[in-house]
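# Structural overview
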Amino acid sequence: MVNCGEEGTKCYGRSCLMPKYRSKFEEQVCGKLTKQKVKFKYEPIKIAYVIPETDHTYVPDVILPNGIIIEIKGRLTKQDRFKHLYIQKQKPELDIRFVLQNYKVKLYKGSKTTYGEWLSKNNFLWWEKVIPTKWINETRKAKQNKNIKHFSYSSRSNDGKKL
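The model shown is predicted, which means the values in this text are computed figures rather than measured ones. (Residues numbered from 1 in each chain as written. Predicted model: local features only at pLDDT ≥ 70, side-chain atom pairs only at ≥ 80, totals over all residues. Heavy atoms only, no water.)

## Focus on helix α2 (residues 78-90)
Between its first and last C-alpha atoms α2 spans 18 Å; for 13 residues at 1.5 Å apiece the expected length is 18 Å, and the two agree. Within the sequence span of α2, burial applies to D80, R81, H84 and I87. One face of α2 carries all of its buried residues, which in axial projection span an arc of 130°. Those residues of α2 that are exposed and aimed more than 90 degrees away from the buried face are K78, Q79, K89 and Q90. The secondary structure elements touched by the buried residues of α2 are β4 (69-73), β5 (96-100) and α3 (115-121). (Helix = DSSP H or I, 4+ residues; strand = E, 2+ residues; numbered from the N terminus. Expected span 1.5 Å × (residues − 1). Buried < 20%, exposed > 50% of the residue type's maximum accessible area, 1.4 Å probe, protein only. Arc of directions from axis to C-beta. Contact = heavy atoms within 4.5 Å.)

In structure tokens, the structure reads:
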């Protein structure tokens, strides 16, 4: 590549190429600069920035009368894992536990880590297939899940059938 001295161009031997602009408007504005013989560089650098945090909500699958939150998972996606790490860090008073369809499933193809191993490593309690009776019978801890609105529990399931 040879430098012909023209800003914003790439030259190969005798032919100079103007930069490819992202829009016609950019091309028009930069074209005027070139006609005015103003030296400039088109998109010469990348500037890093952080997108400010965004608000999200989480809807638990089940909340037991003792305040324990149960998340029922067939798949534990990367998005789910990040979400629960954020919640765990931002809401440490919540007692969120997982019931997995199969704890032996790998996080992704080629991973050595299973769902169960990931949950254990990140200090989440988990069980396979069913909510264990010991969780159901566990007594409420003083600070546990105090931000959850409490509602009356009946002996009916969500579909209205008696349990």
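## Focus on the sheet that holds strand β6 (residues 125-128)
Across the sheet, which stays open at both edges, the 4 strands sit in the order β3-β4-β5-β6 with mixed pairing between neighbours. Two strands bound the open sheet, and with one partner strand each, they are β3 (62-63) and β6. Where β5 lies against β6, 4 bridges are found, and the strand directions are parallel. If you follow R97 over to β6, its bridge partner there is L125. (Pairing = 2+ DSSP bridges.)

These results come straight from atomic positions and should not be treated as a statement about function.
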